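Residues per chain, in single letters:
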Amino acid sequence: MRRIGPAAASVVVSGGAADDALIERARAGRAGAYDELYRRHRDRVARTAYLLIRDADAAQDIVQDAFLIGWRDLHRLRRPEQFRAWVTGIALNLCRRRRRAAARDRSRSDEAEPAGSQVDAADAVALRMVVRRAVDALPRPMREAVVLRFYCGFAESEIAVALGVPVGTVKSRLGRARTLLAEALREVDR
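Note that the structure is a prediction, hence the values are computed from the model and not measured.

**Student:** Pulling in residues and values, what's your account of the overall build of the protein chain?
**Tutor:** For the protein chain, the helix and strand inventory stands at 8 helices and 0 strands. In sequence order, the secondary structure elements of the protein chain are arranged as α-α-α-α-α-α-α-α. Roughly 10700 Å² of accessible area belongs to the protein chain as shown, and the carbon and sulfur atoms make up 50% of that amount.

In structure tokens, the structure reads:
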């Protein structure tokens, strides 16, 4: 089983025309074409899921479920060049469901960040934890936009597709999130 963590998906794979051909072959019933789409995009989707739910095993389950739903609903994908954003949107919805269920059960526990052995490493870890807490404290719509943009490297147009909102809404959420994060980090600095 692949382990998923914050460093997953460091390689950016763009979709576009190459994905278009694979999608057409997958729609024609060739499972191997969909397997290739999975290999190309699973790490990016996994990183997004992990960053939103902070549970590596649950993120892996979400990735599997998202791609299975994607395979089942591939005929609904109108713009094949947006496959990555589309399947990420499916994963986001699954993350939302999982978070709601965890909130109902009150069984969610936060993952502890390992401490570094050197002073600089400890400072870097502390800073990452402060930023992570600030991002986690954002309202869900802003948090999702921030994770997709700054942790996963999605363009604003891809975020719009993944979240099912206009690009202007994405820009607004990102702008407001930057303001809230700056305020939160200023308070920590005091």
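Still more ground to cover, so stick around.
**Student:** Which residues make up the environment of Leu174, and what values do they have?
**Tutor:** Tracing the sequence through the fold places Leu174 in helix 8 (residues 167-189). Relative accessible area serves as the criterion here: at 1%, Leu174 is assigned to the buried category. C-alpha separation for the pair Leu174 and Val146, spaced 28 residues apart in sequence, amounts to 6.3 Å. Setting aside anything within four residues of it in sequence, one finds Leu174 in contact with Ala145, Val146, Arg149, Phe150 and Glu156.

**Student:** Go over the environment of Arg40 with me, naming the residues and quoting the values.
**Tutor:** In this fold, Arg40 is placed in helix 2 (residues 31-53). Judged by its relative accessible area of 23%, Arg40 falls in the partly exposed class. Taking the C-alpha atoms as reference points, Arg40 and Arg84, separated by 44 residues in sequence, lie 9.1 Å from one another.

**Student:** Please give an account of the environment of Val63 that cites residues and values.
**Tutor:** Its location among the elements puts Val63 in helix 3 (residues 56-72). Along the chain, Val63 and Val87 lie 24 residues apart, while their C-alpha atoms are 9.1 Å from each other. Leave out the neighbours within four places in its chain, and Val63 touches Tyr38, Arg42, Val45 and Ala46.

**Student:** Let's hear about the pattern of salt bridges: which residues, and what values?
**Tutor:** For the structure on display, the rule yields 12 salt bridges. The salt bridge involving Asp43 is made with Arg42; its shortest N-O contact spans 4.0 Å. With relative accessibility at 25%, the residue Asp43 sits in the partly exposed group. Residue Arg96 pairs with Glu144 through a salt bridge whose shortest N-O separation is 2.5 Å. Pair noted here: Arg96 is in helix 4 (residues 83-105) and Glu144 is in helix 6 (residues 140-151), with a separation of 48 residues, a long-range link. A residue is classified by how much of its surface remains accessible, and Arg96, at 16% relative accessible area, is buried. Classification of Glu144 as buried rests on a relative accessible area of 3%. A single salt-bridge network, built from bridges that share partners, covers Asp19, Glu36, Arg39 and Arg40.

Rules of the game
- Residues numbered from 1 in each chain as written.
- Predicted model: local features only at pLDDT ≥ 70, side-chain atom pairs only at ≥ 80, totals over all residues.
- Heavy atoms only, no water.
- Helix = DSSP H or I, 4+ residues; strand = E, 2+ residues; numbered from the N terminus.
- Areas by Shrake-Rupley, 256 points an atom, 1.4 Å probe, with all protein chains shown as cover.
- Buried < 20%, exposed > 50% of the residue type's maximum accessible area, 1.4 Å probe, protein only.
- Contact = heavy atoms within 4.5 Å.
- Salt bridge = Lys/Arg side-chain N within 4 Å of Asp/Glu carboxyl O.

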